[in-house]
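Chains, contacts and geometry: an overview
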Amino acid sequence: MVDPPHHARSATGSAGAQAAGARRGSATVGGSPSRDPVLGQLAHLAAVALDFDQGRILLRERRGTTEPATGGDRPTGGDKPDPGRPAGPWSQLDALVREGGTAVVLNDVAAAPAEFPRSPLPGAYVAVPIWVGDDVEGVLRLTDAEPRSIPVRQVRLLVEFSRTIGLYLRPGEVEHEIDHAAADLARALSDGEIVPWYQPIVELAGGRVIGVEALARWRRPNGRFESPASFIPVAERSDLIIDLDFAVMRQAMADLTGWQRTAPDFRLSLNLSGRHLDQSDWLDRLTDATTAAALAPESIDLELTETARPTDIERGWVMIEKLRALGYTVWFDDFGAGYYDLQDLVRLPVDGLKIDRSFADQLDQPINDALVSALTAAAARVGIKVTIEGIETPRQAELARALGCHFAQGFYWSRPVPTGEVARWLTATGGIGAPPAAPG
């Protein structure tokens, strides 16, 4: 599981159908059309990827430039009204994003809370800041003519687009920054600053905490914690992701050894990056770490992330069978949002699947609930368990159980917490019952 983005201001309005028609992308600099085709294309791709009507990149006039430098699409409408439709409060909302340095997410601008400007007509708005170094250089904005639910995964994807735009705007600095960030992360790994935090996994039928998922955190020497979004991409661009995974794995296994003295059946879930599959010794390192912690492999769940999907299905089948033969259980992570599909449940012999949090965002919507029910029914037919991520309310937990999910995790029970917090509520409950919510 990947942690959801932080610091996003959101408001939920009425649901509606997505507008039909071609997606449009444009970019402006200092209020004038940009002539940079790359920026226009990136705005267009963001709109296509998230299925919005229009994408725009709005940049402030940079470094003393008095006129746009390169060519691209002219804004097609922009903040001007479409025929017969009043203009939305886009400029005011863009200013909130730019000045606050945070995302703004409005499912319906006509039903926005009081702190946001409203539109006379409904429509969806989501925008994120474009950071260049320590400055907000502009805004990446998507709009839709109809209200719609905007799940967390779409905001996360838009943030990734904005990072790409930020890197594009400072090409001469990118290689140096990546090298510096990688060197800093390598030092952090050497100094033991990368530590696991844990989010509980709850059995929906009885509310029992059956285990935890280990998630990487960077604890700086001054006690400040870095967001995973600031260092996981750096690790994934290099082989540091292998060292990072094993650093988290070894510490998490040591923690599990202690917890099992209180709760012998307690389980640990670990993410497995695709980079490990390219290493000839990764399986030996995994089993060595398990043996060193005096753990039974049967208490370890390995989550195959999207990047770990085998390109060679036959090789993947053999790899998964080796893990299962050793006693580990294997799960598909973020199922329904990435590479894995129902055919993989038949072709690859896994023990379970984790339904992506985007489905939890839209529970109680008929189409979404039908999809979740179909996934759990298919899983039941092939004898595997189902966990759903991103549960935040009692109603979502109730619906997930009714739709056939066995387990769940999310902020409804707890944000990710440090090892001491897990030990505290395990001692208090013996692993029975949900832990108290704690800041993550």
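Keep in mind it's a predicted model, so treat the numbers as computed, not measured.

Once that is clear, we can look at the overall build of the chain. From N to C terminus, the chain includes 13 helices and 16 strands. Out of the 440 residues belonging to the chain, those deemed buried represent 49%. Summarising the internal contacts of the chain: among those between residues at least 6 apart in sequence, 68% fall at separations of at least 24. Of the roughly 19,700 Å² of accessible surface on the chain, 53% is carried by carbon and sulfur atoms.

Ranked by internal contacts, the top residues of the largest apolar core, which has 72 residues, are L185, I194, L244, M253, F266 and L268. For L185, the contacting residues outside a window of four places in its chain are I194, W218, F231, V234, A235, L240 and L244.

For the rest of this paragraph, the subject is the pattern of salt bridges. On inspection of all chains with the given rule, the structure shows 18 salt bridges. As a salt-bridge pair, E203 and R208 come within 3.8 Å of each other at their nearest N and O atoms. E213 is the salt-bridge partner of K354, the closest N and O atoms lying 3.2 Å from each other. One end of the pair, K354, is in strand β14 (residues 352-355); the other, E213, is in strand β9 (residues 208-219), with 141 residues separating them in the sequence.

Phi is positive for D51, which is not a glycine, with a value near 65°. Of note, D51 is situated in the loop between α1 (37-50) and β4 (54-59). Within the chain, A294 stands out as a residue other than glycine whose phi angle is a positive 60°. As for its placement among the helices and strands, A294 is situated in the loop between α7 (282-292) and β12 (300-304). Exposure remark for A294: the relative accessible area of 65% places this residue in the exposed category.

This paragraph deals with the environment of V109. For V109, the location among the structural elements is in the loop between β5 (103-106) and β6 (124-132). Along the backbone, V109 and P120 are 11 residues apart, and their C-alpha atoms lie at a distance of 8.4 Å. Sequence-distant contacts of V109, that is, excluding residues within four places in its chain, are made with W90, L93, P117, R118, S119, L121, P122, G123 and Y125.

Let us look at the pairing of β4. Within β4, six of the six residues are buried, leaving the element largely enclosed by the surrounding structure. On β4, burial covers both faces: Q54, R56 and L58 on one face and G55, I57 and L59 on the other are all buried. For β4 and strand β7 (residues 135-144), the ladder comprises six bridges, and the chain directions are antiparallel. Looking at β7, one finds that I57 is bridged to L140.

We now examine helix α2 (residues 90-100). Of the residues making up α2, those classed as buried are W90, L93, D94, A95 and V97. Residues of α2 that are buried in the fold lie against β4, β5, β6 and β7. Just downstream of α2 lies G101, where phi reads positive at about 65°.

With that out of the way, let us pick up the packing of helix α6 (residues 240-259) against α7. Viewed as axis vectors pointing N to C, α6 and α7 meet at an angle of 20°, and their least axial separation amounts to 10 Å. Classified by the interaxial angle, the pair formed by α6 and α7 is roughly parallel. Remark: the crossing between α6 and α7 carries right-handed chirality. Across the interface between the two elements, I242, D243, F246, M249, R250 and M253 from α6 touch W282, R285, L286, A289 and T290 from α7.

With that out of the way, let us pick up the packing of aromatic side chains. Throughout the structure, instances matching the rule amount to seven aromatic pairs. Ring centres of W90 and Y125 lie 5.6 Å apart, and the angle between their planes is 10°; on these two criteria the pair is classed as stacked. Taken as a pair, W90 in helix α2 and Y125 in strand β6 lie far apart in primary sequence, 35 residues in all. Both residues of the pair, W90 and Y125, belong to the buried class. An aromatic cluster is defined as three or more aromatic residues linked by ring pairs; in this entry it consists of Y198, W259, F266 and W425.

What counts, and at which threshold
Residues numbered from 1 in each chain as written. Predicted model: local features only at pLDDT ≥ 70, side-chain atom pairs only at ≥ 80, totals over all residues. Heavy atoms only, no water. Helix = DSSP H or I, 4+ residues; strand = E, 2+ residues; numbered from the N terminus. Buried < 20%, exposed > 50% of the residue type's maximum accessible area, 1.4 Å probe, protein only. Contact = heavy atoms within 4.5 Å. Areas by Shrake-Rupley, 256 points an atom, 1.4 Å probe, with all protein chains shown as cover. Core = buried A, V, L, I, M, F, W, Y, C linked by side-chain atoms within 4.5 Å. Salt bridge = Lys/Arg side-chain N within 4 Å of Asp/Glu carboxyl O. Pairing = 2+ DSSP bridges. Axes fitted to C-alpha atoms, helices over the stretch in contact; angles between N-to-C directions. Parallel < 35°, antiparallel > 145°, perpendicular 65-115°, else oblique. Left-handed = near helix turned anticlockwise from the far one by under 90°. Phe/Tyr/Trp six-rings, centres within 6.5 Å; stacked < 30°, edge-to-face > 60°.

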